[in-house]
Amino acid sequence: MISLLKLVNGTEVIGSIVGDDGYALVVDDPLTVCYLQKTAAAAPMIFLQRYSPLSASTSTFFKKEHIMNVMIPLKSMEKYYEQSLKNIALHVDPMWPYKKVKQIGNHIFYKK
C-alpha cells in the first residue's frame, strides 16, 4: 500500500511500506515530496525525486523514532507517484526500479 510518511525533520516521503520489524519501517521505491515556490503569490509546485538518488537500493529503512506520521495519500498523489516512478525509470535511471521486458517498435514495456 502506498503511504505518505512525515519525518521529524519535516521531510515528506511517499512509497510502499513493505515491512515493519517493530523498530523500523521498510519502504520500497521511496520518493521525497519537494515543493517549489516561484513567487509569493503563486501556489507551490510539487514534484517527486528519489529519496536517496545515489543509492542502488530501491528499499529504505526508516527508524520509527524518525517518523512523525504515516498517512494515506490522495488518489491523485498516488497516480502522480506511479507516473514519477515510470519517469525516473525512463529518463533518470533506467535500472530503477523497472526492468525493460520487451520492445515493439517505439513502444518499450517495463515490469517492476
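Refer to the structure presented above.
Quick caveat: nothing in here was measured; it's all calculated off a predicted structure. (Residues numbered from 1 in each chain as written. Predicted model: local features only at pLDDT ≥ 70, side-chain atom pairs only at ≥ 80, totals over all residues. Heavy atoms only, no water.)

### Considering unusual backbone geometry
Part 1 of the reasoning: One non-glycine residue with positive phi stands out, namely D29, at about 50°.
Part 2 of the reasoning: Mapped onto the fold, D29 is located in strand 3 (residues 24-36).
Part 3 of the reasoning: For D29, a relative accessible area of 2% puts it in the buried group. (Helix = DSSP H or I, 4+ residues; strand = E, 2+ residues; numbered from the N terminus. Buried < 20%, exposed > 50% of the residue type's maximum accessible area, 1.4 Å probe, protein only.)

### Some thoughts on the packing of aromatic side chains
Part 1 of the reasoning: For the structure shown, the criterion picks out one aromatic pair.
Part 2 of the reasoning: With a centroid separation of 5.0 Å and an interplanar angle of 65°, the aromatic rings of Y51 and F62 are classed as edge-to-face. Placement of Y51 in the loop between strand 4 (45-50) and strand 5 (59-63) and of F62 in strand 5 is noted, with a sequence separation of eleven residues between them.
Part 3 of the reasoning: A residue is classified by how much of its surface remains accessible, and F62, at 4% relative accessible area, is buried. (Phe/Tyr/Trp six-rings, centres within 6.5 Å; stacked < 30°, edge-to-face > 60°.)

### Quick notes on a nonpolar patch on the surface
Part 1 of the reasoning: A cluster of nonpolar side chains, contributed by Y35, L36, M45, I46, F47 and Y80, occupies part of the molecular surface with about 540 Å² of accessible area.
Part 2 of the reasoning: For the nonpolar patch, the secondary structure elements donating two or more residues are strand 3 and strand 4.
Part 3 of the reasoning: Turning to its location among the elements, Y35 is positioned in strand 3.
Part 4 of the reasoning: By relative accessible area, which is 47% here, Y35 ends up partly exposed. (Patch = residues over 30% accessible without salt bridge, like charges linked within 9 Å, V, L, I, M, F, W, Y side chains within 5 Å. Areas by Shrake-Rupley, 256 points an atom, 1.4 Å probe, with all protein chains shown as cover. Salt bridge = Lys/Arg side-chain N within 4 Å of Asp/Glu carboxyl O.)

### Focus: the side chain of E78
Part 1 of the reasoning: Tracing the chain through its elements places E78 in helix 1 (residues 75-92).
Part 2 of the reasoning: Among buried charged residues, E78 stands out as having no salt bridge; its nearest opposite-charge side chain is K75, 4.0 Å away.
Part 3 of the reasoning: The contacts of E78, once residues within four sequence positions are left out, are I2 and P73. (Lys, Arg positive; Asp, Glu negative; His and termini not counted. Contact = heavy atoms within 4.5 Å.)

### As for the pattern of salt bridges
Close approach of charged atoms lets side chains of opposite charge pair.
Part 1 of the reasoning: Applying the stated rule across the entire model yields one salt bridge.
Part 2 of the reasoning: Of the charged contacts in the structure, one is a salt bridge between D20 and K64, with a shortest N-O distance of 2.9 Å. Within this pair, whereas D20 is found in strand 2 (residues 12-20), its partner K64 is found in the loop between strand 5 and strand 6 (67-71), the two being separated by 44 residues in sequence.

### Some thoughts on the environment of Q37
Part 1 of the reasoning: Locating Q37 in the fold gives a position in the loop between strand 3 and strand 4.
Part 2 of the reasoning: Judged by relative accessible area, Q37 falls into the partly exposed class, the value being 41%.
Part 3 of the reasoning: The contacts of Q37, once residues within four sequence positions are left out, are A42, A43 and P44.

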